[in-house]
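These are the residues of each chain, in order.
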Amino acid sequence: MINDLDILSIRRQCKILGISRSGLYYIPHAISETDQRVMRIIDEQYTKTPFYGVERMAKWLKRKGESIGHNKVRRLIREMGLEAIYPKPQLSCSSSEHKIYPYLLRNLKIEKPNQVWATDITYIRLSKGFAYLVAIMDWYSRYVMSWKLSNTLNVEFCIAALKDALSIGKPDIFNSDQGSQFTSHEFTGVLKNAGVQISMDGRGRVFDNIFIERLWRTVKYEEVYIHDYEGMLDAKSGLGNYFKFYNTQRIHQSLQYSTPEEIHYAKGL
């Protein structure tokens, strides 16, 4: 990182590197080896069974030889930003001051690119510590419009991803869960200023956003779990290469064995 006395401002340097200013100054707290091991188990099991709540996850951990209490399991799940389908712990709560928008996609026929975009955040494990990944996907083509990585669950990296996506297109409807990042006035304000309709999943209905949930499973099984990211820069490089592959080379059965890029931009069809 260039220091403050150089020509480029810190804000500009962070933008070029694709990280938030809060991520730059963030000092991670120490994570014990035990917690790291348990969080890896939770992450992999949650990816397989996202309907596991705290009690089921605690029982599963015990079967894996990790006898820890419900309160600690709840704390780790909260720190990872995970949400069970049911029962759903209050992990990614919207603020009481934030407006909750209705779910607009029920029985809606998705017929074209940029009709509906969706977003979500997932936990990404590192060799020592962890990060959070946000992505914005087009529902029709499965094309990943943008993504960002952050050390913290703040709204800044979500807004940065949204602005990047809006720089190359605009959806009719934008769907998210009711997490505080997406219900915040800052985030919804960007959408309203762009003239985009806002849709939000119902409480406890993770499958309202099913396509991005499938994206997370694909990213983790095909990229994250087969690599051991040393840190943020390593993760950013690996995920950058993967999302380029995902958009331009990975064929999808649901897309009649075309790539997301081919469907989104109607290339070669």
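Keep in mind the model is a prediction, meaning the values are calculated, not measured. (Residues numbered from 1 in each chain as written. Predicted model: local features only at pLDDT ≥ 70, side-chain atom pairs only at ≥ 80, totals over all residues. Heavy atoms only, no water.)

Engineer: Whenever I open this one, the environment of I100 confuses me. Can you help?
Structural biologist: Looking at the element boundaries, I100 is found in the loop between α5 (70–80) and β1 (116–126). Taking the C-alpha atoms as reference, I100 lies 9.6 Å from S184; in sequence the two are 84 residues apart. (Helix = DSSP H or I, 4+ residues; strand = E, 2+ residues; numbered from the N terminus.)

Engineer: When you look at the sheet that holds strand β3 (residues 144–150) in this model, what are you seeing that I'm missing?
Structural biologist: Consider a sheet: its strands pair through backbone hydrogen bonds, and that pairing is either parallel or antiparallel. If you walk across this open sheet you meet the five strands as β3-β2-β1-β4-β5, and the pairing is mixed. Looking at the sheet topology across the chains shown, the edges are occupied by β3 and β5 (197–200). Here the average twist between neighbouring strands, direction ignored, is 25°. Bridge count between strand β4 (residues 173–176) and β5: four bridges; the pairing is parallel. By the bridge assignment for β5, N175 is matched with S199. Along the sheet, helix α10 (residues 232–248) makes contact with β1, β2 (129–138) and β3, crossing β3 at roughly 170°. (Pairing = 2+ DSSP bridges. Axes fitted to C-alpha atoms, helices over the stretch in contact; angles between N-to-C directions. Contact = heavy atoms within 4.5 Å.)

Engineer: Looking at this structure, how should I read the environment of L153?
Structural biologist: Along the chain, the position of L153 falls in the loop between β3 and α6 (156–166). We classify L153 as partly exposed; its relative accessible area is 33%. Sequence-wise, L153 and S180 are 27 residues apart; in three dimensions their C-alpha atoms are separated by 9.5 Å. Apart from residues no more than four positions distant in its own chain, L153 is found in contact with G81, I121, Y132 and Q181. (Buried < 20%, exposed > 50% of the residue type's maximum accessible area, 1.4 Å probe, protein only.)

Engineer: In this structure, what is going on with the nonpolar core? I would like to understand it.
Structural biologist: Soluble globular proteins: nonpolar side chains tend toward being buried together. Within the largest apolar cluster, 40 residues are counted, with the highest numbers of intra-cluster contacts made by I42, M57, L61, V73, I136, F174 and F187. Put simply, the parts of the chain that give this core at least two residues each are α3 (33–48), α4 (54–63), α5, β1, β2, α6, α8 (185–193) and β5. The contact partners of I136, leaving out residues within four places of it in the chain, are W117, A118, T119, Y143, V144, M145, S146, A161, L162, A165 and F174. Counting residues in each nonpolar core, the second largest holds 29 residues, with L133, V144, L239 and F243 among its members. (Core = buried A, V, L, I, M, F, W, Y, C linked by side-chain atoms within 4.5 Å.)

Engineer: Just to check I follow, could you spell out the pattern of salt bridges for this structure?
Structural biologist: Note that side chains of opposite charge can pair when their charged atoms are close. Inspection of the entire model under this criterion finds 11 salt bridges. Residue K109 is joined to E111 by a salt bridge in which the shortest nitrogen-to-oxygen separation is 3.9 Å. Exposure class is identical for K109 and E111. Each is exposed. We note a salt bridge from D164 to K148, for which the minimum N-O separation is 3.1 Å. Here D164, found in helix α6, pairs with K148, found in strand β3; they are 16 residues apart in sequence, far enough to count as distant. Note on D164: relative accessible area 34%, which makes it partly exposed. The buried category is assigned to K148, whose relative accessible area is 14%. When salt bridges with common partners are traced through the structure, they connect D35, K72, R75 and E79 into a single cluster. (Salt bridge = Lys/Arg side-chain N within 4 Å of Asp/Glu carboxyl O.)

Engineer: Got a minute to help me understand α3 in this structure?
Structural biologist: Three or four residues apart is the spacing at which side chains of an α-helix point the same way, because the helix has 3.6 residues per turn. Under the 1.5 Å per step criterion, the end-to-end length of α3 is 23 Å for 16 residues, consistent within 8% with the ideal 22 Å. Taken residue by residue, α3 has D35, Q36, V38, M39, I41, I42, D43, Q45, Y46 and T47 as its buried positions. Close packing links the buried residues of α3 with α4, α5, β1, β2 and α9 (210–222). (Expected span 1.5 Å × (residues − 1).)

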